[in-house]
Number of protein chains: 2
Amino acid sequence: MGRLTGGDPSLLRRINSAVVLHALRAAEAPTLTDLVNVTGLSRPTVEGVVEGLMDTGLVVEAAVDENAARRQGRPARRFRFRVEAGHLLGIEIGPHRIAALLADLGGRVRGSAHVEVSETASADERLDQVRVAVADLLKRSGVARASLRAVGVASPGIVEADGTIRLGTALPQWTGLPLGERLRRSFRCPVLVENDANAAAVAEHWKGAAVGSDDMVFVLAGLSPGAGSLIGGRLHRGFGGAAGEIGALHLLGREATPEEVLSTTGEPLHPLDEAQVARVFTLAGQGDAGARAAVERYLRRLVHDVAALVLALDPELVVVGGWAAGPAGVLEPLRRELARYCLRPPRVEQSLLGEAAVATGALRLALDHVEEQLFAVEGTVTARRRSGV
Amino acid sequence: MGRLTGGDPSLLRRINSAVVLHALRAAEAPTLTDLVNVTGLSRPTVEGVVEGLMDTGLVVEAAVDENAARRQGRPARRFRFRVEAGHLLGIEIGPHRIAALLADLGGRVRGSAHVEVSETASADERLDQVRVAVADLLKRSGVARASLRAVGVASPGIVEADGTIRLGTALPQWTGLPLGERLRRSFRCPVLVENDANAAAVAEHWKGAAVGSDDMVFVLAGLSPGAGSLIGGRLHRGFGGAAGEIGALHLLGREATPEEVLSTTGEPLHPLDEAQVARVFTLAGQGDAGARAAVERYLRRLVHDVAALVLALDPELVVVGGWAAGPAGVLEPLRRELARYCLRPPRVEQSLLGEAAVATGALRLALDHVEEQLFAVEGTVTARRRSGV
């Protein structure tokens, strides 16, 4: 039982620490008086908390402005949150490439790395490439591995709570892979594993097309479309982590697979051959009748899948990313059809983050984890943060 | 900014009141000492709060057990939450009937009323019938109208936050009806309006087939199926209140309407003619080939709609209610097909509340509203309640 108002001084201290730390992060080098005013805590309490935070290395005294010092005599001490006190990684593991982003505790990106990888690479080979990319990134950025506080990893597939891939057909040997466990051997900080479309949804909400839209769906439009959704600003993973895995929907109608639908020859496309897919879209854009028919079939499928998501969830916004979201014009047909069939059609926008969406989302999830550790006290402070404290 | 730990003694008092009231409701006539032990508050604080609650009429001293009194000399005073201090109504407004449930502040049902109504009744006629049913119910139960603290109302349609029906094709003159505003004239307490399938989802979670399942979908299987869903134990309404309105999904495939699908004559059924629908299901059960084919077509449609919901949301449990959930055996085909197409198929159960589900859910929503007013303090206490305080 969480006792808030009586009996547990250590809980109260933790709440006070979180409140002060939050105020420190939000302000520009505040003084003790600033912190007292913002938090409503007493001066001795704020002093005690700031001293404790300085001991942990998360807070330092800010450099004094010399001019101000000369004008005012001895100035009040100022403090700042040390965003450089720790670092985070966001990693995308995809069929063709591995991407990694490095950021400080303020979420600012300090560096990035990309590695091409074969779609037929084994799980071991793929994880080796992850390690190579990370080592290179840390070295180039001058950041010590020990400085990492959390690592977010996003990849296709249904992800269990412990970071195991329950089902992942897009990458060889991916189903059943204990991805979180395997990567934890390379890092001494928490490793969080997430589905790629889920991560992209988080990223577009953080700094993409969905800023300010707390109820949104991100559609990763590919041959097997996946989706991630935020409800009330929070990622909706579903009971078993499979929410948004709409790829199976067309099977119910006994329809053809996307690889067959997009084919202009009668031979199905290879599921991961993006160049071949791009060719079909390009030909369609040039007026080729067969390619146009194939793209039409594909769009009808995509509209159906997205409509199912929209009818089930009723989001404010649908963001479309992935290779099919490009120049071939997925947006207009989607808007038109959703307006016909949805009682309250959502806005439809293209991804702003493009290729960076998945790794950026993985980074944000790592940052969320660290912030929860810094700020959360049994749900109480989380609730207050949501209400704007 | 919510200040929890400093500066706002009135907030602290409200938190303490909520904590004590919650403990009073959970225990069987506790003593002051019991309350001190359970809440972790000081004795003077608990005494002050209990006195305040007695002033408002929500708490009274419990009757003393005479035998215990004789044995122990002067016994400690005991207190109890007065569930009879206020009442709630849950009302279903459907195409064919109006149902109302009356409960006390503990959520215990004290009485019920049902009125048959024509599917062609105007909105005014339908609302008159609601007033008749409520007046009759209050009179029979000996409860004064002034004792009502909240009224929950559930009906088909998309409901705006202010209780207006944005779209409701199942009842005449329903689209655009300011249902909440119209009913507020009859009551001096808050009137909450909710979609019928949403209310049924809440009801099955409260005391039906979904007790303990916080991630569930309720499917109201009718000619135009609707659905309500809980995510993490909370109703998911969607950005515009249209979540779960899956009736339009089949239009995307340019398929026939359910009324055509279920027809054995080529003539579409009347959308609200439940007797005619029941006849088709009965004939199918007796082996009639035409009726069986019609039911097969209908089930295929239903499975598709439910699968779309399941793929989008990934619930733990699907509860099926409404007239099509009866003996015709919707459950087995649904289980079979979902297992084929969902990566992680949910459990599928029949509604336990049957016809009472919608009114029961409306009642629960009224109770939720009152409990929020009694207990919630800027989200803080809600967070604690969820964590089991």
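Nothing here was measured: the structure is a model prediction, and the numbers come from that model.

For the coordinates displayed, the defined rule picks out 40 salt bridges over all chains. Arg131(B) is the partner of Asp128(B) in a salt bridge, and the nearest nitrogen-oxygen pair spans 3.0 Å. Placement of both Asp128(B) and Arg131(B) in helix α5 (residues 123-141) is noted, with a separation of 3 residues, approximately one turn of the helix. Note that Arg237(B) and Glu194(B) form a salt bridge whose closest N and O atoms lie 2.6 Å from each other. Here Arg237(B) is found in the loop between β12 (234-235) and α8 (249-252), whereas its partner Glu194(B) is found in strand β9 (residues 191-195), with 43 residues between them in sequence. Judged by its relative accessible area of 39%, Arg237(B) is partly exposed. Given the relative accessible area of 5%, Glu194(B) is considered buried. Taken together, the shared-partner salt bridges in this structure form one network comprising Arg25(A), Arg364(A), Asp368(A) and Glu371(A).

Residue and element names in this part refer to chain A. Read from one edge to the other, the open sheet built from 5 strands follows the order β5-β4-β3-β6-β9, with strand pairing classed as mixed. If you trace the sheet from one side to the other, it starts and ends with β5 (109-116) and β9 (191-195), each paired once. Taking the axes of each pair of neighbouring strands and ignoring which way they run, one obtains an average angle of 15° across the sheet. Here strand β3 (residues 87-93) runs beside strand β4 (residues 97-104); their pairing, made up of 7 bridges, is antiparallel. Bridging across to β4, Ile91 finds its partner in Ala100.

Turning our eyes to something else, we now look at the confidence of the model for chain A. For chain A, mean pLDDT is 83; residues scoring 70 or higher make up 82% of the total. A low-confidence stretch, residues 1-7 of chain A stays under pLDDT 50, and its non-local contacts, those more than four residues away or across chains, total 26 contacts.

For the rest of this paragraph, the subject is helix α3 (residues 43-56) of chain B. Residues and elements named next belong to chain B. Given a rise of 1.5 Å per residue, 14 residues ought to cover 20 Å, and the 20 Å separating the end C-alpha atoms of α3 matches this to within 8%. Those residues of α3 that fall on the buried side of the exposure criterion are Val46, Val49, Val50 and Leu53. Relative to the axis of α3, the buried residues are bounded by an arc of 100° and lie together on one face. Exposed residues on α3 whose side chains face more than 90 degrees from its buried face are Pro44, Glu51 and Asp55.

What follows is about the pairing of strand β11 (residues 226-231) of chain A. Residues and elements named next belong to chain A. By the criterion of burial, β11 is predominantly enclosed, with 5 of the 6 residues buried. Here 2 bridges tie β11 to strand β12 (residues 234-235), and the two strands are oriented antiparallel to one another. When the sheet's bridge partners are listed, Leu230 is paired in β12 with Leu235. Taking the residues between adjacent antiparallel strands as the criterion, β11 and β12 are bridged by 2 residues, where Gly232 takes a positive phi near 60°.

All right, on to the side chain of Asp314(B) then. Tracing the backbone shows Asp314(B) in the loop between α11 (289-313) and β13 (317-321). By relative accessible area, Asp314(B) is classed as buried at 2%. Side-chain polar atoms of Asp314(B) contact the backbone nitrogen of Gly241(A), separated by 3.0 Å. A distance of 2.7 Å separates a polar side-chain atom of Asp314(B) from the backbone nitrogen of Ala242(A). Setting aside residues up to four positions removed in sequence, Asp314(B) forms contacts with Arg237(A), Gly238(A), Phe239(A), Gly240(A), Gly241(A), Ala242(A), Ala243(A), Leu309(B) and Arg344(B).

This brings us to the pairing of β9(A). Residues and elements named next belong to chain A. Most of β9 is tucked away, with 4 of its 5 residues classed as buried. Strand direction decides the pairing type here: strand β6 (residues 148-155) and β9, joined by 5 bridges, are parallel. Bridging across to β9, Gly152 finds its partner in Leu192.

Residue and element names in this part refer to chain A. Strands sit in the order β12-β11-β10-β13-β14 across an open sheet of 5 strands; the sheet is mixed. In the strand order of this sheet, the two ends are held by β12 and β14 (347-350), each with one partner. Strand direction decides the pairing type here: strand β13 (residues 317-321) and β14, joined by 4 bridges, are parallel. Counted as the bridge partner of Leu317 is Arg347 from β14. Of the strands in this sheet, β10 (216-220), β11 and β13 are in contact with helix α11 (residues 289-313), which crosses β10 at around 160°. Sheet strands touched by helix α12 (residues 331-341): β13 and β14. Its angle to β14, the strand with the most contacts, is close to 170°.

All names here are of chain A. Orientation of helix α2 (residues 32-39) relative to helix α3 (residues 43-56), taken along the N-to-C sense of each, is 115°, at an axis distance of 9 Å. Considered as vectors, α2 and α3 are oriented roughly perpendicular to each other. Note on packing geometry: the crossing formed by α2 with α3 is right-handed. Along its contact with α2, which presents Leu32, Thr33, Leu35, Val36 and Thr39, the element α3 presents Arg43, Val46, Glu47 and Val50. When grouped by side-chain class, the residues that make up the contact of α2 with α3 number 5 nonpolar, 2 polar and 2 charged.

Attention shifts here to the packing of α11(A) against α12(A). Residues and elements named next belong to chain A. Between α11 and α12, the shortest axis-to-axis distance is 10 Å and the interhelical angle comes to 50°. It follows from the interaxial angle that α11 and α12 lie oblique. Note on packing geometry: the crossing formed by α11 with α12 is right-handed. Within the contact between the two elements, α11 uses Leu299, Val303, Val306, Ala307, Val310 and Leu311 and α12 uses Pro333, Leu334, Glu337, Leu338 and Tyr341.

Definitions and cut-offs
- Residues numbered from 1 in each chain as written.
- Chains lettered and ligands numbered in written order.
- Predicted model: local features only at pLDDT ≥ 70, side-chain atom pairs only at ≥ 80, totals over all residues.
- Heavy atoms only, no water.
- Salt bridge = Lys/Arg side-chain N within 4 Å of Asp/Glu carboxyl O.
- Helix = DSSP H or I, 4+ residues; strand = E, 2+ residues; numbered from the N terminus.
- Buried < 20%, exposed > 50% of the residue type's maximum accessible area, 1.4 Å probe, protein only.
- Pairing = 2+ DSSP bridges.
- Axes fitted to C-alpha atoms, helices over the stretch in contact; angles between N-to-C directions.
- pLDDT = per-residue confidence, 0-100.
- Contact = heavy atoms within 4.5 Å.
- Expected span 1.5 Å × (residues − 1).
- Arc of directions from axis to C-beta.
- Polar contact = N/O pair within 3.5 Å; in protein donor to acceptor, adjacent residues only side chain to side chain.
- Parallel < 35°, antiparallel > 145°, perpendicular 65-115°, else oblique.
- Left-handed = near helix turned anticlockwise from the far one by under 90°.
- Nonpolar A, V, L, I, M, F, W, Y, C, P; charged D, E, K, R; others polar.

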